[in-house]
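Letter by letter, the chains look like this.
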Amino acid sequence: MNIVLFGPPGAGKGTQAHLLERNYGLKHLSTGEMLRAEVRNGTPLGQKVEALLKNGDLVPDGIIIDIIRGCMTGQDCEGCPEEDSCQNGFILDGFPRTVPQAEALEKMLAEHGEKVDHVIVLVVDEDILIERIHKRMEETGVARSDDNEETLRHRLSVYHKQTEPILPYFEQKGLLRKIDGMLPIEEVTARIAAILEEGLAQPLEKAQ
Ligand code: AMP
């Protein structure tokens, strides 16, 4: 089962993806995490994308598609070192972010006889996202180079312009489901579980 978790920055995709990984044995693939690891490790790719991440701009499609292709073909890549870790499927968090990325994803999956099974959108009001980032900065100090209000506002405008246009693409295919991402974390998790369990998916403990 392959899931795309969709939503604006700060919607809680990472938190939910982590829980899905634990509950369903799916591999959590976060392109943002992979890119931050490249920057931390000072790799040539990291040096190339560092300013884009800091400013909240998107990395070129070709770069990000190559990273995801590497994961799907089982090549070693940052954040995905285990050969068979995608065996049960994956949760994409932060990819696709443009229509060309969405098309490339479907093509890559089709080459392996696979498809996207669910696209789950976490819907959160913009003022709540701004509040959340202030709270996170107060609680933890600035943890990420793009964790400040100005960059968040820019990332939100990038999301509206470049990422939201993917939604009709997946909607046409009947894959899209929306969830209120302002509900408590456990409630969001329960609603995602209900969507997955409508299909063939079974949580690990129930599947045995
Ligand atoms: P995230 O952790 O998903 O919010 O991603 C952090 C940053 O990484 C984004 O603001 C972009 O600069 C970059 N990034 C992550 N995923 C993608 C993607 N699919 N396409 C382009 N840039 C991306």
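What counts and what doesn't
- Residues numbered from 1 in each chain as written.
- Predicted model: local features only at pLDDT ≥ 70, side-chain atom pairs only at ≥ 80, totals over all residues.
- Heavy atoms only, no water.
- Helix = DSSP H or I, 4+ residues; strand = E, 2+ residues; numbered from the N terminus.
- Buried < 20%, exposed > 50% of the residue type's maximum accessible area, 1.4 Å probe, protein only.
- Contact = heavy atoms within 4.5 Å.
- Areas by Shrake-Rupley, 256 points an atom, 1.4 Å probe, with all protein chains shown as cover.
- Salt bridge = Lys/Arg side-chain N within 4 Å of Asp/Glu carboxyl O.
- Pairing = 2+ DSSP bridges.
- Axes fitted to C-alpha atoms, helices over the stretch in contact; angles between N-to-C directions.
- 1 Å grid on protein atoms, 1.4 Å probe; cavity = no way out; pocket = protein on both sides within 12 Å on 5 of 7 lines; lining within 4 Å.
- Points joined across faces, edges and corners; volume = space filled by probe spheres on them.
- Nonpolar A, V, L, I, M, F, W, Y, C, P; charged D, E, K, R; others polar.
- Core = buried A, V, L, I, M, F, W, Y, C linked by side-chain atoms within 4.5 Å.

J.: What should I look at first to understand the overall build of the protein in this one?
T.: The helix and strand tally for the protein stands at ten helices and five strands. Residue burial in the protein is summarised as follows: out of 208 residues, 45% are buried. The contacts of the protein with a sequence gap of at least 6 include a subset with a gap of at least 24, amounting to 75%. Summing over all exposed atoms, the protein offers an accessible surface of approximately 10900 Å²; the carbon and sulfur share of this is 50%.

J.: Explanation requested: the pattern of salt bridges in the structure shown.
T.: Working definition: two side chains of opposite charge can pair if their charged atoms are close together. Summed over all chains, the structure comprises seven salt bridges. Taking the shortest distance from any N to any O, the salt bridge between Arg36 and Glu33 comes out at 3.0 Å. Within this pair, Arg36 and its partner Glu33 are both found in helix α2 (residues 31-40), separated by three residues, close to a single helical turn. Among the residues examined, Arg36 registers a relative accessible area of 18% and is labelled buried. In this structure, Arg177 and Glu198 form a salt bridge, with 3.0 Å as the shortest nitrogen-oxygen distance. Here Arg177 is found in strand β5 (residues 176-180), whereas its partner Glu198 is found in helix α9 (residues 185-198), with 21 residues between them in sequence.

J.: Looking at this structure, I do not really get the sheet that holds β5. What am I missing?
T.: Hydrogen bonds between backbone atoms are what pair the strands of a sheet, whose relative direction is either parallel or antiparallel. Read across the sheet, five strands follow the order β2-β3-β1-β4-β5 without closing on themselves; strand pairing throughout is parallel. Edge positions in the sheet fall to β2 (27-30) and β5, since each of these pairs with one other strand and no more. Between one strand axis and the next, the sheet turns by 20 degrees as a mean value, whatever way the strands run. In this sheet, strand β3 (residues 90-93) lies alongside β2 in parallel orientation, the contact comprising four bridges. By the bridge assignment, Ser30 is partnered in β3 with Asp93.

J.: Where do I start with empty space enclosed by the protein in this structure?
T.: To find the voids left in a structure, one rolls a probe of water-molecule size over its atoms. What the rule picks out here adds up to one cavity of 30 Å³ or more. Approximately 90 Å³ is the volume attributed to the largest cavity. In this structure, the largest cavity is lined by 13 residues; those nearest its centre are Gly7, Lys13, Gly94, Arg97 and Thr163. At the level of secondary structure, the elements contributing two or more residues to the lining of the largest cavity comprise β1 (3-6) and α7 (149-163). A total of three residues in the lining of the largest cavity trace back to one element, the largest contributor, which is β1. Of the residues assigned to the lining of the largest cavity, the class counts are eight nonpolar, three polar and two charged.

J.: Would you explain the nonpolar core in this entry?
T.: Within soluble globular proteins, side chains that are nonpolar generally end up buried alongside one another. Residues Phe6, Leu92, Leu105, Val116, Val119 and Phe170 are the most contacted members of the largest nonpolar core, which totals 33 residues. Listing elements by their share of this core, those giving two or more residues are β1, α2, α3 (44-55), α4 (61-72), β3, α5 (99-111), β4 (118-123) and α8 (166-172). Here this core gets seven residues from one element, more than from any other, and that element is α4. Excluding residues that lie within four positions of it along the chain, Leu92 makes contacts with Ile3, Val4, Leu5, Leu29, Ile68 and Leu105. By size, the runner-up hydrophobic cluster in this structure holds 22 residues, among which are Ala17, Leu26, Leu122 and Val188.

J.: Sorry, what's going on with the pairing of β3 here?
T.: Where a strand is regular, its side chains alternate between the two sheet faces. Side chains Phe90 and Leu92 of β3 all project onto a buried face; the interleaved residues Ile91 and Asp93 project onto the opposite face, where all are buried too. Here β1 runs beside β3; their pairing, made up of three bridges, is parallel. For Leu5, the partnering residue across the bridge sits in β3 and is Asp93.

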